[in-house]
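Next come the chains, spelled out residue by residue.
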There are 2 protein chains.
Amino acid sequence: MIIAVDASGGEYAPHEIVKGAIKAAHDFNANIALVGNKSVLHVLAGKQLKKLNLTIVNASQTIGFHEHPMEAIRNKPQSSIAIGINLLKEGKASAFVSAGNTGAVLCASLFNLGKIDGVERPALASLVGLNRSAPAILIDAGANADCRPNHLLQFARLGNTYAQNILGIDLPRVGLLSNGEEDTKGNRLTIESHQLLKKSELNFIGNIEGNDIAKGTADVIVSDGFTGNIVIKTVEGLGDSFIKLRQSSDAYDGRQRLRGRALLADVGLGFLVKGIDFREYGGACLLGVKGNVIVSHGRSQARAIKNAIGLAKRTAERDICQIINEVTNA
Amino acid sequence: MIIAVDASGGEYAPHEIVKGAIKAAHDFNANIALVGNKSVLHVLAGKQLKKLNLTIVNASQTIGFHEHPMEAIRNKPQSSIAIGINLLKEGKASAFVSAGNTGAVLCASLFNLGKIDGVERPALASLVGLNRSAPAILIDAGANADCRPNHLLQFARLGNTYAQNILGIDLPRVGLLSNGEEDTKGNRLTIESHQLLKKSELNFIGNIEGNDIAKGTADVIVSDGFTGNIVIKTVEGLGDSFIKLRQSSDAYDGRQRLRGRALLADVGLGFLVKGIDFREYGGACLLGVKGNVIVSHGRSQARAIKNAIGLAKRTAERDICQIINEVTNA
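What you are looking at is a predicted structure, and each value in this text was computed from that prediction instead of being measured. (Residues numbered from 1 in each chain as written. Chains lettered and ligands numbered in written order. Predicted model: local features only at pLDDT ≥ 70, side-chain atom pairs only at ≥ 80, totals over all residues.)

Draft legend 1. Geometry of the overall build of chain A. Along chain A, the regular secondary structure elements total 15 helices and 11 strands. The 330 residues of chain A split such that 59% are buried. Considering only contacts in chain A between residues 6 or more positions apart, those separated by 24 or more positions represent 70%. (Helix = DSSP H or I, 4+ residues; strand = E, 2+ residues; numbered from the N terminus. Buried ≥ 20, exposed ≤ 12 C-beta atoms within 10 Å, placed from the backbone. Contact = placed C-beta atoms within 7 Å.)

In structure tokens form, the structure reads like this:
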């Protein structure tokens, strides 16, 4: 089982991506294909190529963060994203991890891999670990800004399957993110979605509010991609503030981050910071396309990439893609 | 200048409301009318009634949190909310503070006070203090779940006026909360709103993302009320987690909360917790109705109420209502 990793995507590519991949190859005994500029990767990975299960797949083009996703995918067939997604399509890889342009990864996944039959809108399932006892899944974390009620019902089903298989929860509690507990509270989208969810086969616990996210009221938090993305980033921004807080104000590097982290751990806040720190979870899984695609944060450094590869490995081992296909078309 | 305070509204009414009002009357030299059950309030306020500028206005009915707002306002004309809003209408009070049923306060304000000419949708402006240097205003924090682009433009104008007069910022930076920085990122609502804001007279800095809230990128954060409410409550939930974290797990009372707070302050986290703690800001201001209405958190205890009264006093002294009328109809 090979995990393809976009070595050209992300603010800290390729150095931190390669470091994270080496760490993952070592720690998880993962079989990794680094997709990117061959000569650069040879230099960076060096001796590790022989020691670990690391290979290199050349990709001569790179898609930047500010490129238009659709155009970039169309015009750059030799980009690391296009090639990584193709490795999935051709069965040469079991999962693909990218910290690059999220829109481009979504486009390539939708157009080159295609949607699983019966899935109208693939969605991003992001792990949020604000509760001590267990992380939850928020879906959609940003793939679909405008949604209809049946889309939210499908997100709930996708998230439910993911929570069962990745978090190991038999009967996940599915909550609908809204601005009030009662059925009648919400915007038009959530009020109608609530009725669909209530009639569904899911373990629907009703509306949940923003403050329920930290409480761990639900295992699967259902939201349109606009709201979900804002919530995830708000939490992430707070995480950054906490971590930066204890650092000296001038420089800002990995060691200082750790110092801040250690101090927080001293007062027992470590787990909460971990919970709001994207580096711990590494990535969101794009559910509903014909392939296991993990989108990692653009600012991912080695640890986030290592964790994203770990998540990709679990996702591929479970073959979430195949399970979603079976559940959707049962 | 009299501040009317709903003594029957909120989870900790009437005790904590009265305590907060006494503290505000003392600390801010505020002139306060407590609206609620006369005999109970006489017992609770006791000697303070003569010492401080405290009076009691009897209200024989109470509106609970789970009552339907519109029906409650219609069926309970003697409720503390209905009477408090009437004090505003009759010019007997300059501001009204309530920690009771928010929907009922909104209904009473809309129907009994009415909207300021030219304001289509009054909105809740909530202070968020995640940035060390200055708090920001998020508008709408929950009054309007479904919005159109021209509503968001108006929220921006209301928030701009509030930031100028309450935060003292000459030219507030107005940001539109979205799921991406670029003009083209967002849902249909924000993409269209972006264009309106760009053409407006405001100091519009473009889209901001969830992680910008903690960074303090904008002074006025513009959002529909659905998303705004979820963001505010997500942040509040995290604040609660941090505060609870250092408390013993069994009991949970005011003193323990303070112990947790003190510990966080020890490691320099105090300001951030303050920033995400609703108790510090006390309330959100309903902008666009003919009266200064402050909606406080349902879980408000004395400190939150005291701070809400302080905010109400500042709002009334500035006569935000009148300024909004002038700005809107200039």
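Draft legend 2. Quick peek at the environment of B:Asn75. Residue and element names in this part refer to chain B. With respect to the secondary-structure elements, Asn 75 resides in helix 4 (residues 69-75). Note on Asn 75: 13 C-beta atoms within 10 Å, which makes it partly exposed. In sequence terms Asn 75 and Ile 63 are 12 residues apart; their C-alpha atoms lie 9.8 Å from each other.

Draft legend 3. Looking closely at helix 15 (residues 320-328) of chain B. Residue and element names in this part refer to chain B. Among all positions in helix 15, only Ile 320, Cys 321 and Ile 324 are buried. Along the axis of helix 15, the buried residues cluster in a sector spanning 100°; they form a single face. Those residues of helix 15 that are exposed and aimed more than 90 degrees away from the buried face are Gln 322 and Glu 326. Where helix 15 is buried, its residues touch helix 7 (149-167), strand 10 (283-287) and helix 14 (302-318). (Arc of directions from axis to C-beta.)

Draft legend 4. Focus on the sheet that holds strand 3 (residues 54-58) of chain A. All names here are of chain A. On the basis of which strands lie adjacent, the open sheet formed by 11 strands has the order 3-2-1-4-11-10-5-6-9-7-8 and mixed pairing. Of all strands in the sheet, those with a lone pairing partner are strand 3 and strand 8 (204-208), marking the two edges. When the angles between neighbouring strand axes are averaged without regard to direction, this sheet yields 25°. For strand 4 (residues 95-98) and strand 11 (residues 293-296), the ladder comprises 3 bridges, and the chain directions are parallel. From the neighbouring strand, Val 97 faces strand 11, where its bridge partner is Ile 294. Packed on one face of the sheet, helix 8 (residues 188-199) meets strand 7 (174-177) and strand 8 and runs near 170° to strand 7. (Pairing = 2+ DSSP bridges. Axes fitted to C-alpha atoms, helices over the stretch in contact; angles between N-to-C directions.)

Draft legend 5. Structural context of the domain arrangement of chain A. All names here are of chain A. Each assigned domain of chain A is listed here: domain 1 (2-119 + 288-328) and domain 2 (125-279). On the domain 2 side, the residues contacting the 15 residues of domain 1 number 10 residues. Among the secondary structure elements, those contributing two or more residues to the side of domain 1 that touches domain 2 are helix 14 (302-318) and helix 15 (320-328). Of the residues that constitute the side of domain 1 that touches domain 2, the class distribution is 7 nonpolar, 5 polar and 3 charged. (Domains from an automatic or database assignment. Nonpolar A, V, L, I, M, F, W, Y, C, P; charged D, E, K, R; others polar.)

Draft legend 6. View of the packing of helix 7 of chain B against helix 15 of chain B. Residue and element names in this part refer to chain B. Between helix 7 and helix 15, the least distance of the axes is 10 Å, while the angle of their chain directions is 130°. With respect to each other, helix 7 and helix 15 are oriented oblique. As helix 7 packs across helix 15, the resulting crossing turns out to be right-handed. Together, Leu 158, Thr 161, Tyr 162 and Asn 165 of helix 7 and Ile 320, Ile 323, Ile 324 and Val 327 of helix 15 make up the contact between the two elements. (Parallel < 35°, antiparallel > 145°, perpendicular 65-115°, else oblique. Left-handed = near helix turned anticlockwise from the far one by under 90°.)

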